[in-house]
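Secondary and tertiary structure notes
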Amino acid sequence: MPKFTVLSRVDAYVDYVAEVEADDADAAAMFAYYDGSGLKWEPYGTVEFDARRVVTLDKNGDEIEETACGKG
């Protein structure tokens, strides 16, 4: 199964990333959003936002918008 990097915004101004094995990028984001508590999240930088959001990153580290779960 391929691995995807997902980005999670859960604390004010802090981004985290984790590797997720999934069939596709959308499934990776959904898994991280709904059942990501067991993932190994690592700090990834800072950004200002207002709500929880999880999105899969492409190979360049850019967000794949259509995989976004939550608001942000």
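One can find the structure itself at the top, above this paragraph.
Residues numbered from 1 in each chain as written. Predicted model: local features only at pLDDT ≥ 70, side-chain atom pairs only at ≥ 80, totals over all residues. Heavy atoms only, no water.

**Re the overall build of the chain**
Heads up, the condition is: Numbered from the N terminus, helices here are DSSP runs of H or I no shorter than four residues, and strands are runs of E no shorter than two. Burial classification: accessible surface area is computed with a 1.4 Å probe over protein chains only, and a residue below 20% of its type maximum counts as buried, one above 50% as exposed, and the rest as partly exposed. Any two residues whose heavy atoms approach within 4.5 Å are treated as being in contact.
When its secondary structure is counted, the chain shows one helix and five strands. Reading the secondary structure of the chain in the N-to-C direction produces β-β-α-β-β-β. The burial tally for the chain puts 36% of its 72 residues in the buried class. At a minimum sequence separation of 6, the contacts of the chain that also span at least 24 residues come to 46%.

**Points about the packing of aromatic side chains**
Our working rule: Think of it this way: a Phe, Tyr or Trp ring, Trp meaning its six-membered ring, pairs with another when their centres are within 6.5 Å, and the plane angle makes it stacked under 30 degrees, edge-to-face over 60, tilted otherwise.
Tallied over the full model, the rule gives one aromatic pair. Their ring planes at 90 degrees and their centres at 4.8 Å tell us that Tyr 33 and Tyr 34 sit as a pair that is edge-to-face.

**Description of the side chain of Thr 56**
Looking at where Thr 56 falls in the secondary structure, it is placed in strand 4 (residues 53–57). Thr 56 has contacts with Phe 4, Thr 5, Val 6, Ala 25, Ala 28, Ala 29, Asp 62, Glu 63, Ile 64 and Thr 67, leaving out every residue within four places of it along the chain.

**Describing the side chain of Arg 53**
What counts, and what does not: Contacts described as polar in this section are N or O atom pairs within 3.5 Å, which, within protein, must combine one atom able to donate a hydrogen with one able to accept it, while residues neighboring in sequence count only if both atoms come from side chains.
By the secondary structure assignment, Arg 53 is in strand 4. For Arg 53, the side chain forms a polar contact with the side chain of Glu 63, separated by 2.7 Å. Engagement of the side chain of Arg 53 in a polar contact is seen with the side chain of Glu 65, the distance being 2.7 Å.

**A few points about the pattern of salt bridges**
Note that side chains of opposite charge can pair when their charged atoms are close. For the record, the criterion: Put simply, a salt bridge is a Lys or Arg side-chain nitrogen that is within 4 Å of an Asp or Glu carboxyl oxygen.
For the structure shown, the criterion picks out three salt bridges. We note a salt bridge from Lys 40 to Glu 42, for which the minimum N-O separation is 3.8 Å. Among the salt bridges present, the one from Glu 63 reaches Arg 53, with a minimum N-O distance of 2.7 Å. Here Glu 63 is found in the loop between strand 4 and strand 5 (69–70), whereas its partner Arg 53 is found in strand 4, with ten residues between them in sequence. For Arg 53, a relative accessible area of 8% translates into the label buried. Each member of the salt-bridge network shares a partner with another, and the members are Arg 53, Glu 63 and Glu 65.

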